[in-house]
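Examination of the molecular architecture
Listed below are the residues making up each chain.
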Amino acid sequence: MEVEVIESGILLPTYLSFKRVQISEKYPKGQARSRHWKHLKQILQAENYTNCPPNQPNYVNIESPPSTYPSKKYCDITGYEAPYTDPRTSLRYADADVFKRVRGLPGDYVQKYLKLRNAEVILR
Amino acid sequence: MPFVSRPQRQHDYNMFPSNCPIVIDNGASNFRIGWAGECDPRLSFRNVVHRPRHKTTGETVTIVGDHDPAVMKYFDCTRSQHRSAFDYNVVYQFENMEYILDYGFERMGAYGSQVDHPILITECACNPVQSRSKMAELLFESYGVPSLAFGVDAAFSYKFNEQLGICNKDGLAICSGLNTSHVIPFVGGEPLFEACCRTNIGGYHVSEYLKQLLSLKYPYHMSSITLDKVEDLKMEHCYVALDYGSEVRLFQNGAKEAEEKTRCWQLLWVRPPVEALPSEEEKARKAANREKAAQRLKEMAALKRSSRITDLENELQGLEFLLQQLGNVQENNVESFLSQTGYVSKQEIDAAIVRVTQSLRKAKGESPEMKEKTEQYPLIDVPDSILSPEQIKEKQRQAFSKNMSEGRVRAQQKRFDEELQREKQNQQDEEKRLENPELYLEQLRAKHRELTEKVEQRKRLKTNDNQNLSGGVGRGERLNAAKKEKMRLLTTAAFDKGKGEDTFGARDEDWQVYTVMGGNDDEGSDWDEAELTRISSRLQDIDPTFVANPEAGSFQTITEIPKFRPLTEEDFQIAIGVERFRCPEVLFQPNMIGVDQAGLDEMCGISIRRLSSKNHTLEERMTSSILMTGGSCLFPGMAERLETDIRKIRPFGASIKVLRASDPILDAWRGAATYAAAPQFSMQTFSKQDYYEKGEDWLRGYRFSYT
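This section reports on the structure supplied with the text. (Residues numbered from 1 in each chain as written. Chains lettered and ligands numbered in written order. Predicted model: local features only at pLDDT ≥ 70, side-chain atom pairs only at ≥ 80, totals over all residues. Heavy atoms only, no water.)

Moving on: the packing of aromatic side chains. Evaluated as defined, the whole model comprises 24 aromatic pairs over all chains. With 5.6 Å between their ring centres and 65° between their planes, Tyr244(B) and Phe581(B) make a pair best called edge-to-face. Placement of the pair is Tyr244(B) in helix α6 (residues 244-252) and Phe581(B) in helix α18 (residues 579-582), with a sequence separation of 337 residues. On the basis of relative accessibility, which here comes to 2%, the residue Tyr244(B) falls in the buried class. On the accessibility criterion, Phe581(B) (0% relative accessible area) is buried. Joined through ring pairs, the aromatic side chains of Phe140(B), Phe150(B), Phe686(B), Tyr691(B), Tyr692(B), Trp698(B) and Tyr702(B) make up one cluster. Above the face of the Tyr109(A) ring, Lys112(A) is positioned so that its terminal group lies 5.0 Å from the ring centre. (Phe/Tyr/Trp six-rings, centres within 6.5 Å; stacked < 30°, edge-to-face > 60°. Helix = DSSP H or I, 4+ residues; strand = E, 2+ residues; numbered from the N terminus. Buried < 20%, exposed > 50% of the residue type's maximum accessible area, 1.4 Å probe, protein only. Lys NZ or Arg CZ within 6 Å of the ring centre and 35° of its normal.)

Now for the environment of Glu106(B). If you trace the backbone, Glu106(B) turns up in helix α1 (residues 94-108). A C-alpha to C-alpha distance of 8.6 Å links Glu106(B) and Gln10(B), two positions 96 residues apart in sequence. For Glu106(B), the contacting residues outside a window of four places in its chain are Pro13(A), Leu16(A), Phe18(A) and Arg9(B). (Contact = heavy atoms within 4.5 Å.)

Moving on to the packing of helix α3 (residues 153-164) of chain B against helix α23 (residues 667-677) of chain B. Residue and element names in this part refer to chain B. Between α3 and α23, the least distance of the axes is 7 Å, while the angle of their chain directions is 75°. On the basis of their axis angle, the class for α3 and α23 is roughly perpendicular. When α3 is examined against α23, the residues Asp153, Phe156, Ser157, Lys159, Phe160, Asn161 and Gln163 are found in contact with a partner set consisting of Asp667, Ala668, Arg670, Gly671, Ala672, Thr674 and Tyr675. Classifying every residue of the contact of α3 with α23 gives 5 nonpolar, 5 polar and 4 charged. (Axes fitted to C-alpha atoms, helices over the stretch in contact; angles between N-to-C directions. Parallel < 35°, antiparallel > 145°, perpendicular 65-115°, else oblique. Nonpolar A, V, L, I, M, F, W, Y, C, P; charged D, E, K, R; others polar.)

On to the pairing of strand β19 (residues 626-629) of chain B. Residues and elements named next belong to chain B. Taking every second residue as pointing to the same face, both faces of β19 are buried, with Ile626 and Met628 on one and Leu627 and Thr629 on the other. One ladder, built from 4 bridges, connects strand β13 (residues 171-176) with β19; its direction is parallel. Bridge pairing in β19 links Cys175 to Thr629. By the bridge criterion, 3 bridges tie β19 to strand β20 (residues 658-660) in an arrangement that is parallel. Its bridge partner being in β20, Ile626 is matched across the sheet by Val658. (Pairing = 2+ DSSP bridges.)

This part takes up the side chain of Glu98(B). Of note, Glu98(B) is situated in helix α1. You can call Glu98(B) buried: its relative accessible area is 0%. A polar atom in the side chain of Glu98(B) sits 2.5 Å from the side chain of Lys19(A). Apart from the residues within four sequence positions on either side, Glu98(B) is in contact with Lys19(A), Val21(A), Ile23(A), Lys26(A), Tyr27(A), Leu138(B), Ser142(B) and Tyr143(B). (Polar contact = N/O pair within 3.5 Å; in protein donor to acceptor, adjacent residues only side chain to side chain.)

Pairing within the open sheet is antiparallel, and its 3 strands lie in the order β6-β4-β8 (chain B). Of all strands in the sheet, those bounded by a partner on one side alone are β6 (63-64) and β8 (83-84) of chain B.

A few words on the sheet that holds strand β2 (residues 30-35) of chain B. Residue and element names in this part refer to chain B. Spatially, the 6 strands line up as an open sheet ordered β3-β2-β1-β11-β12-β21, and their pairing is mixed. Here the strands that pair on one side only, and so sit at the sheet edges, are β3 (43-46) and β21 (686-687). In the sheet, β2 pairs with β3 via 4 bridges, with the strands oriented antiparallel. The residue bridging Ile33 from the neighbouring strand is Leu43, located in β3. Contacts from helix α2 (residues 129-143) reach β1 (22-26), β11 (119-123), β12 (147-152) and β21, with the element oriented near 145° to β12.

Let us look at the pattern of salt bridges. Side chains that carry opposite charge are capable of pairing whenever their charged atoms lie near each other. All names here are of chain B. The final tally for this structure, using the stated rule, is 26 salt bridges over all chains. Across the pair Glu282 and Arg285 runs a salt bridge, and its minimum N-O distance is 3.9 Å. Placement of the pair is Glu282 and Arg285 together in helix α8 (residues 280-328), with a separation of 3 residues, close to one helical turn. For Glu282, a relative accessible area of 31% gives the class partly exposed. (Salt bridge = Lys/Arg side-chain N within 4 Å of Asp/Glu carboxyl O.)

A few words on the packing of helix α5 (residues 107-116) of chain A against helix α4 (residues 203-217) of chain B. It is the contact of α5(A) with α4(B), at a shortest axis distance of 11 Å, that shows an interaxial angle of 160°. On the basis of the axis angle, α5(A) is roughly antiparallel to α4(B). Crossing angle aside, the handedness with which α5(A) passes α4(B) is left-handed. Contacts between α5(A) and α4(B) involve Tyr109(A), Lys112(A), Tyr113(A) and Leu116(A) on the former and, on the latter, Tyr209(B), Gln212(B), Leu213(B), Leu216(B) and Lys217(B). Across the contact of α5(A) with α4(B), the residue classes break down as 6 nonpolar, 1 polar and 2 charged. (Left-handed = near helix turned anticlockwise from the far one by under 90°.)

Take helix α21 (residues 616-623) of chain B next. Residues and elements named next belong to chain B. Those residues of α21 lying buried are Leu618, Glu619, Met622 and Thr623. Around the axis of α21, the buried residues are gathered within 125° of arc, so they sit on the same side. Of the surrounding secondary structure, the elements contacted by the buried residues of α21 are β13, β14 (181-187), α20 (600-610) and β19. (Arc of directions from axis to C-beta.)

Here's what the structure looks like:
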């Protein structure tokens, strides 16, 4: 290990005195650890909030509902207000110049713009 | 992220008594740790873990927080990425959490066999019990912490600001973090989680949106637009528009304010060294060199040719000599003689001689065809009846070759004639132009217009056929008159049982049916297009007012066609105009990203609605003290925007006051520190025995009281 690396103090030391179990013993090398941890969705499923009384707040309860305002449509490329939608690609555009650019986009760019809005076509 | 210097190891760990709590603000973006009662955290670093491999030794090391680019060159960072312990705002990956806590305690100077101080750690609102219990387990088991307390960071921030006098006892706290935003109402100083509201949009989504927009707009610079750089840009330049619609219209109309609001980011660009134009002598020298090279090549070619000629002549001589010898040799010795030379029979020698003479002639540059033409076709004129079968075959062959050569001559003649004709036409055109330029121009322009119309119409028909996808599949095709004709011909041809005499094929024009049936009118259109290009080029040459018609039929106006001109400084500038306020707008309208939840302004209304008691005065009091905390509320203009939006939801005349926390980023830690320093803190914590005796259900109901 180079001198300057040690001096900069960047690395985490492998042995720490205040720990009861060192991390290298806890997670021996060579095992795939990422599978041990449940992601948020699985945690919430395991919590089983349906059994709790509904007026008690829990992680799922406090989530906000969908917006009651009608969503404003904005142009995908420029960000202006977009009264029009391209029927072929379902991209939103603001006026004729933007439309020319929309029609000139290669296929993967179309999907990338739609992906910004979470509206891309997923083929499974 | 602006580079933060590495936190130094603290040396005063032993100066703090055992009951002094350590306060940790465990946020999704930053991890802050410090002693209770102080006004600033000792350490603050980014809450990520990086595990690269050392290049030479191959061992995997752990780096927590920001890393120093100078040192990183010793490590191979391709395989590893920055890993966070968080999923949205909940800790789920406790291995990374352990690395981070290790680092935090180590930098605080911890020593001894365990961390012997009570700990106050923050969590998200309504943290799932599993995450809470795992965290408690980690702290108790691995670090030997005596007692522990959990609190919500937004609440700490609110209480801190309440103590400072910025907000009142009843109010709303709007906390916008990295991944999520919360709105928490406070009644009587205590947060009411039953009426709390959370949207899964935060500063990360704003940065990500900005990054994607810039990358799509400037694909050439995609590699320079990294998330770190974009976060810097966001912190420096983004603002929240008071009314998105009117701001955007400013830009759309191209007003001068729009120009002023656009900021330009100049990427690193070095002007390539300009090559000096070659001077006259240089050019002359280069021309002389070229000539010399050409001369040399010609000499070499001539040399080769002459050597080849001499070779062939030698060969020819040798073969003739052989033939002579053959003639001299006696009959019975012929075979043995022949086998010596390597030729099987006399005919072969003859054939070889002919071949060599021909190649010799070619090498000497004489045209062999002339000699062939003088070949006689002696047998053609002789009638068939006299000849033997062999001779008949011979005659057919000669007739065939004669036809071929005549055909070749005829084709050449035709080409020559066509050229002459074209020359004549051009000359006539020129004369016409010279005598009456105006009229000529008019005629040319009219022809151009006609042809463009025809071509466009044909193109439109074609693309119309292609565009009728779902609605009228084949309908556009079927209704076309030409296609109708084709169909008619095909069906009649197919189903014609041959009633009556079949005289098809007797005349030449009958075969044209097949071209109509199967062909497209492409040949005609090609000719039209060629004419069109010819005429437009002529017009461009002579007509000063002619503007080349842009390709109306093709929609291929790609703005990023790499025009072959030298790159200038402007190419390396990234203009950020609309994006400055388009990206933070996501916080207020999550629909722009496709997240189907309420924005910050609506969340306040929802939160007030969720309060159990419909107390108008209470709601009044709440809206008159709305506090913004969290890193993502630092955008300029956010307070005004929130005020106008909340005014839309509240009844007329309600008092609305939006305040910003004194330090939105550090206030959570500071609030937690003041709480930990208070004497009632020891009653809020739970110890290891409590945890083991009472179990998980008790932990579910554990709540920090903030008064």
